[in-house]
Amino acid sequence: MAPVSDHDDGIPDRSALRQTVSEHIRRGAPFGLILCDIDRFKLINYSLGHEFGDRVLCQTAAVLRDTLAAGGTIGRWGGPEFLCIVDDIANLDAQVEKLRHRVERLVLLSTTSRIRITASFGVASYPADGHDAADLLNAVDAALYHAKEWGRNRAVRATVIQKRVLGMGVTLEAALHENRIVPAYQPIVSLKTKAVVGEEALARLQMPDGELLAADEFIEVSRQLQLTYKIDQSIIRATLERCMANRVNPQPHAHFVNISGNLLRHPDAVQELLELVRAYVATCRAEGHQGRMMVLELTERELFGDIAHAKAILMPFVEAGLQLALDDFGHGYSSFQYLADLPFSFLKIEGSLIRRLAEPTTRKIVQGIQRIAAELGIKTLAEGVETPGIAHIVEDLGIDWAQGFFYDAARLDQQADGHRPLWQPRWSVSGK
Ligand code: C2E
Ligand code: CA
Ligand code: CA
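The residue numbering used here restarts from 1 in each chain and proceeds along that chain's sequence as written. All chains are assigned letters beginning at A, and all ligands numbers beginning at 1, according to the order in which they are written. It should be noted that, the model being predicted, local features are given only for residues of pLDDT at least 70 and side-chain atom pairs only at 80 or more, the latter also being counted only at that level, while totals for whole chains, interfaces and linings use all residues. Water and hydrogen atoms were dropped before computing side-chain values, which therefore reflect all heavy atoms in the structure.

### Quick look at the coordination of the calcium ion (ligand 3)
Test applied: Each metal site is built from N, O and S donor atoms within 2.8 Å (3.2 Å for Na, K and Ca), and since water is not included, such sites may look incomplete. Working definition: helices are DSSP H or I runs of at least four residues, strands are E runs of at least two. Numbering for both runs from the N terminus. Type-normalised accessible area, obtained with a 1.4 Å probe on protein chains alone, sets the label of each residue: buried when under 20%, exposed when over 50%, and partly exposed for intermediate values.
Protein coordination at the calcium ion (ligand 3): the donors are Asp327 (OD), Asp328 (OD), Glu383 (OE) and Glu383 (OE), at 2.2 to 2.5 Å from the metal. The motif formed by the donor residues of the calcium ion (ligand 3), counted along the single chain, is D-D-x54-E. Taken as a pair, the calcium ion (ligand 3) and the calcium ion (ligand 2) lie 3.7 Å from each other and share Asp327 as a ligand. A residue pair is termed long-range when its members are at least 10 positions apart, and Asp327 in strand β13 (residues 323-329) and Glu383 in the loop between β15 (379-382) and α16 (388-396) qualify at 56 residues. Using a relative accessible area of 10% as the deciding quantity, one classes Glu383 as buried.

So, in structure tokens, the structure goes:
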């Protein structure tokens, strides 16, 4: 093992490690990074004392140093994290497994008992996982984050593809923590009156440099990391605030929000939202009006698992005065059965189906959907309307409401980003 600089505990610190990584990159030969984090270290420190915690750190460092192949460097990355830099990347997985196993076998004696510890590992290699030190260190950090998320005491490799997903996971976590998940609102128009009758709140991630990421770029990752309920919480809270601020505005207006199956599995978050909804509804009633209408959108994908559970969670919202929409209808299995299981007020027809409306077969399918919905007293909404031609067809088919780029894209509140007024529809200004 080659020490870079000596410190109190005799091993390189974070800045020395960074320097070593940069030197390795300048040299150009492949090398590997292993980031090791002692599982539940805070708990160990808290329950057994700092002195014991220090012993855990020292002994883990010793195990890593002894196990690491010759030519490797190990240093303290910060907290209970150690970074190993290894030259032999042909056997990287085997080396990490050996490290993990040796830490697991470590036995520490406290005053009262024998303590065993485990560690989680993130693994990355140069040049596959990054061409500069920042990218490489982000990749190995994101891989470690995932190792912990997936249950600890394991190693996760930051492959190039994983790196993107994991990197986005870290970006998303930070954005949630710093309240940088914000709603953008896309107008919904009535096809009969051409008036704006509502809007859908869509999640956006504001990057620190101001760039705005659309939901498509992070929602799948949030699903994998089980974080979608936090996104829903932010967007629903913001939408309720918007409803509250505009509640006396006489314009009838429906506020659509998306909710995930992940939210339905977080009873505390659901309860908090339900209380906010009840407070909003009670305020409107006390003032003698109905306030803005709020609609919860659900996809079949989210409902699929357990409709009885979804119903138990959603009915209190319906009883409080909210409405339900079945989202993305026409995508995947599209069973009308859900319309019998839950009291849906809206059926949103998927954009991919709407965009193919020039084809006679698709037109017949949408016509059938429209007929059934009308018989059930459910309003239909065409998604993804992009052209005047499609706008005409959906109107002819008797679809009630529509949204899509033809009318307007989703935009941040103008107070937040200085855009033009939200309710000045583009098509009426340009005479479309
Ligand atoms: P969605 O609910 O079907 O939302 C519609 C998506 O289509 C939005 O993308 C919107 O920007 C985009 N879109 C609107 N008009 C058009 C059009 O004319 N053409 C095309 N090609 N696209 C159009 P976005 O914002 O990227 O959202 C993607 C998906 O992410 C949403 O699909 C929804 O499933 C999910 N999502 C967004 N926000 C949230 C949220 O707060 N919570 C949850 N659980 N999911 C969300
Ligand atoms: Ca939606
Ligand atoms: Ca949709």
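### Considering the domain arrangement of the chain
Selection criterion: In this entry, domain limits derive from an automatic or database-based domain assignment. The contact rule is simple, with two residues in contact once any of their heavy atoms fall within 4.5 Å. Each of two parts loses accessible area, computed with a 1.4 Å probe, when they are put together; buried area is these two losses added.
Domain assignment breaks the chain into domain 1 (14-165) and domain 2 (181-412). On a C-alpha basis, the centres of domain 1 and domain 2 stand 44 Å from each other. Between domain 1 and domain 2, the contact holds four residues from the first and four residues from the second. Together domain 1 and domain 2 conceal approximately 330 Å² of surface at their shared face, both sides included; 63% is due to carbon and sulfur atoms.

### Examining the packing of helix α3 (residues 50-67) against helix α4 (residues 92-105)
Going by this rule: All axes are obtained by fitting lines to C-alpha atoms, using only the stretch in contact for helices, and the reported angles, taken between N-to-C directions, cover 0 to 180 degrees. Here is the rule for handedness: rotate from the far helix to the near one, and if that takes an anticlockwise turn smaller than a right angle the crossing is left-handed, while a clockwise turn gives right-handed. Each residue gets one label: Ala, Val, Leu, Ile, Met, Phe, Trp, Tyr, Cys and Pro are nonpolar, Asp, Glu, Lys and Arg are charged, and the others, such as Gly, are polar.
As a packed pair, α3 and α4 sit with axes 10 Å apart at the nearest point and diverge in direction by 140°. Here the hand of the crossing between α3 and α4 comes out right-handed. Side by side, α3 and α4 meet where Thr60, Val63, Leu64 and Thr67 of the first sit next to Lys98, Leu99, Arg102 and Val103 of the second. Broken down by class, the residue content of the contact of α3 with α4 amounts to four nonpolar, two polar and two charged.

### Quick word on the pattern of salt bridges
We count it as follows: Only one rule defines a salt bridge in this text: a Lys or Arg side-chain nitrogen within 4 Å of an Asp or Glu carboxyl oxygen.
Considering all chains together, one arrives at 19 salt bridges under this definition. Across the pair Arg356 and Glu359 runs a salt bridge whose closest N-O atoms are separated by 3.2 Å. When its relative accessible area of 45% is taken as the criterion, Arg356 is described as partly exposed. According to the relative accessible area criterion, Glu359 is partly exposed, its value standing at 35%. One continuous salt-bridge network, built from bridges that share partners, spans Glu200, Glu297, Lys348 and Glu383.

### A word on the coordination of the calcium ion (ligand 2)
Protein ligation of the calcium ion (ligand 2) involves Glu200 (OE), Asn258 (OD1), Glu297 (OE) and Asp327 (OD), the donor distances falling in the range 2.1 to 2.3 Å. Counting along the primary sequence, the residues that act as donors to the calcium ion (ligand 2) give the motif E-x57-N-x38-E-x29-D. On the accessibility criterion, Glu297 (1% relative accessible area) is buried.

### Observations concerning the layout of surface pockets
Test applied: The definitions used throughout rest on a 1 Å grid laid over the protein atoms alone, on which a cavity is an enclosed set of points accommodating a 1.4 Å probe that cannot get out and a pocket is an open set flanked by protein within 12 Å on both sides along at least five of seven lines; lining residues are those having an atom within 4 Å of a point. Grid points are joined across faces, edges and corners, and a volume is the space filled by probe spheres set on the points.
By volume, the largest pocket is sized at about 1300 Å³. Along the wall of the largest pocket there are 44 residues; nearest its centre are Leu202, Asp216, Asp327, Asp328 and Glu383. Elements supplying a minimum of two residues to the lining of the largest pocket: β9 (196-206), α7 (219-224), α8 (228-245), β12 (293-299), α11 (300-303) and β13. Among the elements that take part in the lining of the largest pocket, β9 stands out by supplying five residues, more than any other. Here the lining of the largest pocket is built from residues that sort into 16 nonpolar, 13 polar and 15 charged.

### Some thoughts on empty space enclosed by the protein
In total, this model carries two cavities of 30 Å³ or more according to the counting rule given. If you add up the space inside the largest cavity, you get close to 70 Å³. As for the largest cavity, its lining consists of Ile236, Ile259, Leu263, Leu264, Val270, Leu273, Val277, Met294, Leu296, Ile313, Leu314 and Phe317. Listed by contribution, the elements that provide at least two residues to the lining of the largest cavity are α9 (261-264), α10 (267-286), β12 and α12 (307-320). Counted by class, the lining of the largest cavity contains 12 nonpolar, no polar and no charged residues.

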